Amino acid sequence: MNKLIYRSRAAISQLIYKRILLLVTILFCVGVGVAMANMSRLSSTLIQAQALQNATLYAQAIKEARTLYSSDVISPLNTKKAINFTHDYNPTPTKVTVPVPATFLIELGKHITDKNPEVSVRLYSDYPFPWRREEGGARDDFERQAITYLMQNPTGQFFRTEDFRGKPAFRYAQADRLLPSCVNCHNTNRDSPKKDWKVGDVRGILEITQPLETITQTTRTGLKDLFLLLAGLSILGIAGLTLALSRLRQNAKQLEQRVRERTAQLQETNVELLKEQEKSDRLLLNILPESIAARLKDGQNSIADGFAEVTILFADIVGFTVLSAQISPEELLVFLNEIFSAFDNLTEKYGLEKIKTIGDAYMVVGGLPNPSTNHAESIAEMALDMQEELAKFNVKHHSGINIRIGINTGPAIAGVIGTKKFIYDLWGDAVNTAARMESHGIAGAIQVTKSTYDILQNKYLFEDRGIIQVKGKGDMNTYLLVSRLVSVVSV
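Predicted model only: the values in this text are computed from it and were never measured. (Residues numbered from 1 in each chain as written. Predicted model: local features only at pLDDT ≥ 70, side-chain atom pairs only at ≥ 80, totals over all residues. Heavy atoms only, no water.)

On to helix α5 (residues 180-188), then. Burial in α5 covers these residues: C182, V183, H186 and N187. Angular distribution of buried residues about the axis of α5 spans 125°; they occupy a single face of the element. Pointing more than 90 degrees away from the buried face of α5 are the exposed residues S181, N184 and T188. In the core, the buried residues of α5 are packed alongside β6 (202-211). (Buried < 20%, exposed > 50% of the residue type's maximum accessible area, 1.4 Å probe, protein only. Helix = DSSP H or I, 4+ residues; strand = E, 2+ residues; numbered from the N terminus. Arc of directions from axis to C-beta. Contact = heavy atoms within 4.5 Å.)

Structure (structure tokens):
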């Protein structure tokens, strides 16, 4: 059966491996196809972006040259009468002429076009001077559209790709706006077509046209190399994924074997953990009441409960100090453990809750954590049995130790204190009074308060001890529990 399951798993694994390999191959092929389909669009985008960047730099350089010419040449020479500033730039050996900034820009464009026949630099306007009406106005649809657009968007750019002189070219235009130094000249010139120019007005359009052949060839060569690189990487990627999937398949087999081995180990570990958990639970129940332990497991961090009436017993072994000086610490511990183990059995017998032991003192309470109606009787029965257990111990070990017991009934608060080495403890005046009953008691006797006496007086024999002075409490009337009057079977 296991072999059949293993073969089925192997067949399924082989099928999944082939399907994944086929899927990866298809995805790579689709990716390459998409890359090829987008290559043309990417090529056009890159070409246009490069052409726009070149044109913008051209325009910026030309405008900076005119600005420099205007500020560093025209302004210093403007006051010299021997210098003739003219729009009709035609220098002669007898007279020095200096072109105005606009003419300088036009002449600069002509020089650039002469040096680079495929490049065109033009300055045109809707308001050309009379002597530039033929060549200074718009000559085609692009120039007319550029004027219309840039008059409305002076800070914008107008460009597109189209045939120019029989070849694909990139035409770029931007507004040529009036500077403060030019406004007065244009408004006062008698031939000016417009007399109300203001700073920032669009005086004309600067157009730069450049061929796309070189940019296109460079871009497409780069994209071709990139495509070949991607294709090579795709082939390497498919090969690498094939090897990786093969390795993963092998690792999966090894992992499956390890999982089976690990599962068996975990099952064994779980059995051991269950045993340890049971030990921990038993240990916790030795420290705390079962209901309190359950509440701690449920996540309650703070546990404190008030009880209207409980009965508390404090017991102290009398003569134990003398005994400790006569025997070794190891023997002393054995004796103490024997006595307290007998007391623990009595606690369990009567359904009481052991709170703690301090040295040779023992504390137990009835009526919590689960309230009951016979807690006083249960404590009384335990106190009488504790005397009997100690008497048996003395006979067995030929010792003469005794026990002093104090009991009180009243309200108390019980809860868990601490987060490490925590204990279930008891607080309240009733607890302190019970402790005083023990410390002010008589060796071999069981001293109880009036509250406990009132509950038990009809079932047990008591001796009225009378008024005694109790530390922290003042005068108190206490009683000594002597024996049972009737058989108390309800406990």
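Moving on from the model shown.
The next thing to look at is the nonpolar core. Soluble globular proteins tend to pack their nonpolar side chains together in the buried interior. L313, F343, M382, M386 and I405 are the most contacted members of the largest nonpolar core, which totals 38 residues. Ranked by residue count, the leading element in this core is helix α10 (residues 375-397), at 9 residues. Excluding anything up to four places from it in sequence, I405 contacts L313, F314, A315, A383, M386, Q387, M437, E438, A445, I446 and Q447. In terms of nonpolar packing, the next biggest core, distinct from the first, is built from 17 residues, I303, F314, A414 and V431 among them. (Core = buried A, V, L, I, M, F, W, Y, C linked by side-chain atoms within 4.5 Å.)

Let's shift gears to the pairing of strand β13 (residues 460-470). Looking along a regular strand, one sees the side chains alternate between the two faces of the sheet. Bridge count for β13 against strand β14 (residues 474-484) is 10 bridges, and the pairing is antiparallel. Bridging from a neighbouring strand, Q469 pairs with D475 of β14. The hairpin formed by β13 and β14 contains 3 residues between the paired strands, and G472 there has a positive phi angle of roughly 80°. (Pairing = 2+ DSSP bridges.)

Moving on, we get to the confidence of the model for the protein chain. Scored by pLDDT, the protein chain comes out at a mean of 78, with 74% of its residues at no less than 70. By mean pLDDT, strand β1 (residues 84-86) is the weakest element of the protein chain at 54, and strand β12 (residues 446-448) is the strongest at 96. (pLDDT = per-residue confidence, 0-100.)

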